[in-house]
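In case you want the letters, here they are:
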Amino acid sequence: MVKRGHFVASNLTLHVFNKSMSSPDAPVIGSPALSGCDRDLVRFGFENTYARLPERFYARLDPTPVAAPRLVKVNVELALSLGLDPEALASVRGVEILAGNSVAEGAEPLALAYAGHQFGHFVPQLGDGRANLLGEVMGRDGVRYDLQLKGSGPTPFSRRGDGRAALGPVLREYIVSEAMAALGVPTTRALAAVTTGERVLRETDLPGAVLTRVAASHLRVGTFQYFAAQGDTEGTRKLADYAIARHYPEAAQATHPYRALLDGVIFRQAHLLAQWMLLGFIHGVMNTDNTSISGETIDYGPCAFMEAYDPAMVFSSIDRQGRYSYSNQANAAHWNLTRLAEALLPVLVQEAGSEEAGLASAYEALAAFGPQFEAARDAGLRRKLGLFTEREGDAGLAQDLLERMAANHADFTLTFRRLCDAGAGPEGDRGVRALFADPGAYDSWATGWRRRLEEESVSGRERTAMMRMASPAFIPRNHMVEAALDAAVERQDFQRFEELLDVVSRPYEDRPELARYATPARPEECVSQTFCGT
Ligand code: AMP
Ligand code: MG
């Protein structure tokens, strides 16, 4: 099943953005109940296992303070799930910490070193150029999470960048990562957003912001590449041991633990990619530095959900070759995992006993990706079609529908959501066929589909209920995201951002009052490209 998110309750806003954000002297807004808050109230209980790794894994440095930090949002449910007090986070002292103006007790701020292939070109040193890992906290689920400030100032890895983030991309990452979590997709999350009271120069002059990101870890394929490229096998091994202990503890018991690690990452990435595809999600920048070892979606840049189904869809303005187009995403992931296998090769060879055996082990691991991805995608497609048994021809039936959707510019999310109603009986067909330029293209497909449904034993009503858990009503539609970002950036109006967060936090529920969020952009509202804007 497509898993439901754990944190689907609505997010509370503790403070409202203040319009006088450019005044460096203006105080941080705090609710009256919190004023005079005890400095020691903000307790993170940080642990710092990454800081215990050798010094060459990172650069120690504090975030760079900003002129006038103001809170935009604290994610209350997420804070509670991490054992953090949301009110303390929203206090004066809390906001100072979230802006990087003050270092929390127990934090050991670091910028992580990593490398990466960007659009196929290897860069031996990337690293956190605008982020500080503050430390790790234990979630109530028993999982260790990184808390990272993104946009928190220059680091030794900044290259030519300013170390900062603009408000728009910070809010985009907030909305889309929280939507992914609610949709049940493994993802980094947003704990808070603050504005800095400073401007950042991009294509234009924009308000600056800092995002507090929560991740199972910030280990990337590119982190392994960093050590491998330097011939630092000891570093690679230490990193692999750390990744096993943190994400794949069962691999430690395997006969070949490093092979088991590679298998584990491949398995999780195959399932992650299947989930993206089943939701019409396009990441946009699937570079190896944006491919997480824990199997989470990470680094939301020019990402978006498709509207009209088009397998060749590309959103990123810099992806001119379509390298990271929708239909190429699984290939791109496989390519990235091949780079991981390459980086792990020295330890795989040592473990296997010979170069030949190590290579064979890497190839064997990589060969599992395709079948795992396809099995997960096909199982998901069956659920979307209301097929809860498996028959030969199911994949073909799904493919046929997708091809007709492409030819008829049918909205991906809405077609599958309305198909849930059609799953109860032909009365539901009307809504689906209306989405096809030629409604007859749906009708002729539906005839075959209904024949297949007769082989299922569930009632129409049960089928509809199950289908609805596989096909959301609400995704963060790009024009809605853009409108929310524009209002925030241009008019310091965060109402639409709040509304959209509420909409995407319960994606599988029918909420007729929110119908305008469930429908595709009108032609004049269409946003066909998103920019890095980083
Ligand atoms: P991304 O495209 O966000 O995955 O970033 C790729 C690399 O560029 C990473 O090493 C980032 O830390 C770095 N980077 C992105 N934006 C900035 C910035 N404004 N200042 C410094 N480094 C940046
Ligand atoms: Mg990145």
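Residues numbered from 1 in each chain as written. Chains lettered and ligands numbered in written order. Predicted model: local features only at pLDDT ≥ 70, side-chain atom pairs only at ≥ 80, totals over all residues. Heavy atoms only, no water.

Draft legend 1. Fine view of the coordination of the magnesium ion (ligand 2). Protein coordination of the magnesium ion (ligand 2) is provided by Asn-290 (OD1) and Asp-299 (OD), with donor distances spanning 1.9 to 2.1 Å. The same class applies to Asn-290 and to Asp-299, which are both buried. (Donors = N, O, S within 2.8 Å, 3.2 Å for Na, K, Ca; no water. Buried < 20%, exposed > 50% of the residue type's maximum accessible area, 1.4 Å probe, protein only.)

Draft legend 2. Focus on the pattern of salt bridges. Enumeration over the complete set of coordinates arrives at 40 salt bridges. Salt-bridge contacts for Arg-339 lead to Glu-342; the nearest nitrogen and oxygen are separated by 2.8 Å. In this pair, Arg-339 and Glu-342 are both assigned in helix α8 (residues 329-352), three residues apart and thus about one turn of the helix distant. Residue classification places Glu-342 among the partly exposed residues on the basis of a relative accessible area of 43%. Here the salt bridges share partners, and the residues they tie into one network are Lys-150, Glu-173, Arg-213, Arg-220 and Asp-299. (Salt bridge = Lys/Arg side-chain N within 4 Å of Asp/Glu carboxyl O. Helix = DSSP H or I, 4+ residues; strand = E, 2+ residues; numbered from the N terminus.)

Draft legend 3. Region of interest: the confidence of the model for the protein chain. Per-chain confidence: the protein chain averages 92 in pLDDT, with 91% of residues scoring 70 or above. Of the regions scoring below 50 in pLDDT, residues 1-37 engages in 82 contacts with residues more than four places distant in sequence or in other chains. (pLDDT = per-residue confidence, 0-100. Contact = heavy atoms within 4.5 Å.)

Draft legend 4. Geometry of empty space enclosed by the protein. Following the criterion strictly, the structure yields four cavities of 30 Å³ or more and no others. Taken as a whole, the largest cavity encloses approximately 80 Å³ of empty space. Lining the largest cavity are 13 residues, and of these Gln-269, Trp-276, Met-286, Asn-290 and Thr-291 sit closest to its centre. Of all the elements in the fold, those that place two or more residues in the lining of the largest cavity are α7 (257-279) and α8. In terms of residues, the lining of the largest cavity owes the most to one element, α7, which gives three residues. (1 Å grid on protein atoms, 1.4 Å probe; cavity = no way out; pocket = protein on both sides within 12 Å on 5 of 7 lines; lining within 4 Å. Points joined across faces, edges and corners; volume = space filled by probe spheres on them.)

Draft legend 5. Structural context of the packing of helix α11 (residues 394-407) against helix α14 (residues 439-453). In contact at an axis separation of 10 Å, α11 and α14 are set at 165° when each is read in the N-to-C sense. Regarding the angle of α11 to α14, the classification is roughly antiparallel. The interaxial crossing formed by α11 with α14 has left-handed handedness. Counted together, Asp-394, Leu-397, Asp-400, Leu-401 and Arg-404 of α11 and Ala-441, Ser-444, Trp-445, Gly-448, Trp-449 and Arg-452 of α14 form the full contact between these two elements. Looking at side-chain class alone, the contact of α11 with α14 contains five nonpolar, two polar and four charged residues. (Axes fitted to C-alpha atoms, helices over the stretch in contact; angles between N-to-C directions. Parallel < 35°, antiparallel > 145°, perpendicular 65-115°, else oblique. Left-handed = near helix turned anticlockwise from the far one by under 90°. Nonpolar A, V, L, I, M, F, W, Y, C, P; charged D, E, K, R; others polar.)

Draft legend 6. View of the packing of aromatic side chains. With the rule as written, the count across this model stands at 19 aromatic pairs. Here Tyr-50 and Phe-57 contribute two aromatic rings whose centre-to-centre distance is 6.4 Å and whose plane-to-plane angle is 65°, an arrangement assigned as edge-to-face. Tyr-50 gets classed as buried once you look at its relative accessible area, which sits at 2%. For Phe-57, a relative accessible area of 0% translates into the label buried. Ring centres 5.1 Å apart and planes at 85° place the aromatic pair Tyr-226 and Phe-227 in the edge-to-face group. The two residues Tyr-226 and Phe-227 agree in class, both being buried. Within the aromatic cluster, the residues linked to one another by ring pairs are Tyr-50, Phe-57, Tyr-58, Tyr-226, Phe-227 and Tyr-242. (Phe/Tyr/Trp six-rings, centres within 6.5 Å; stacked < 30°, edge-to-face > 60°.)

Draft legend 7. View of the site of ligand 1. Of all residues adjacent to ligand 1, which total 17 residues, the nearest are Gly-127, Gly-129, Arg-159, Gly-163 and Asn-290. The contact in question runs from a nitrogen atom of ligand 1 to an N or O atom on the side chain of Arg-130, over 3.2 Å. Gly-163 is positioned with one of its backbone polar atoms (N or O) 2.8 Å from a nitrogen atom of ligand 1. Out of a free accessible area of 480 Å², ligand 1 has 85% covered by protein chains. For the shell around ligand 1, the domains that each give at least three residues are domain 1 (39-218) and domain 2 (222-299 + 327-376). (Near = heavy atom within 4 Å. Polar contact = N/O pair within 3.5 Å; in protein donor to acceptor, adjacent residues only side chain to side chain. Areas by Shrake-Rupley, 256 points an atom, 1.4 Å probe, with all protein chains shown as cover. Domains from an automatic or database assignment.)

Draft legend 8. Region of interest: the environment of Ala-368. Its location among the elements puts Ala-368 in the loop between α9 (355-367) and α10 (369-384). Along the sequence, Ala-368 and Phe-267 sit 101 residues apart, while their C-alpha atoms lie 8.0 Å from each other.

Draft legend 9. Representation of the domain arrangement of the protein chain within the structure. Per the domain assignment, the segments making up the protein chain are domain 1 (39-218), domain 2 (222-299 + 327-376) and domain 3 (387-468). Placing the centre of domain 1 and that of domain 2 at their C-alpha centroids yields a distance of 25 Å. Interface of domain 1 and domain 2: buried area, both sides summed, is about 2,800 Å²; carbon and sulfur atoms make up 59% of it. Where domain 1 touches domain 2, the interface holds four salt bridges. The closest approach of N and O atoms between Asp-299 and Lys-150, which form a salt bridge, is 3.7 Å. For the side of domain 1 that touches domain 2, the elements supplying multiple residues, two or more each, are β4 (116-118), β7 (144-150), α4 (167-183) and β10 (205-215). Grouping the amino acids of the side of domain 1 that touches domain 2 by side-chain chemistry returns 19 nonpolar, 11 polar and six charged. (Buried area = accessible area lost by both parts, 1.4 Å probe.)

Draft legend 10. Focus on the nonpolar core. Grouped together as the largest cluster of nonpolar side chains are 100 residues, with contacts concentrated most on Tyr-50, Phe-224, Leu-385, Leu-419 and Trp-449. It is α7 that provides the largest number of residues to this core, a total of 14 residues. What Phe-224 contacts, discounting residues up to four positions off in sequence, is Thr-236, Leu-239, Ala-240, Ala-243, Leu-261, Ile-293, Leu-340, Ala-343 and Leu-344. (Core = buried A, V, L, I, M, F, W, Y, C linked by side-chain atoms within 4.5 Å.)

Draft legend 11. Region of the structure containing unusual backbone geometry. The backbone of Phe-119 sits at a positive phi, close to 50°, despite the residue not being glycine. Phi angles above zero are rare outside glycine, and Gln-492 is one such case at about 50°.

Draft legend 12. Quick peek at the environment of Met-480. Locating Met-480 in the fold gives a position in helix α16 (residues 478-491). Since its relative accessible area comes to 8%, Met-480 is described here as buried. Considered as a pair, Met-480 and Ala-131 are 349 residues apart in the sequence and their alpha carbons are 28 Å apart.

Draft legend 13. Layout of the environment of Trp-445. By secondary structure assignment, the location of Trp-445 is in helix α14. Residue contacts for Trp-445: discarding those within four places in its chain leaves Leu-385, Leu-397, Asp-400, Leu-401, Arg-404 and Leu-419.

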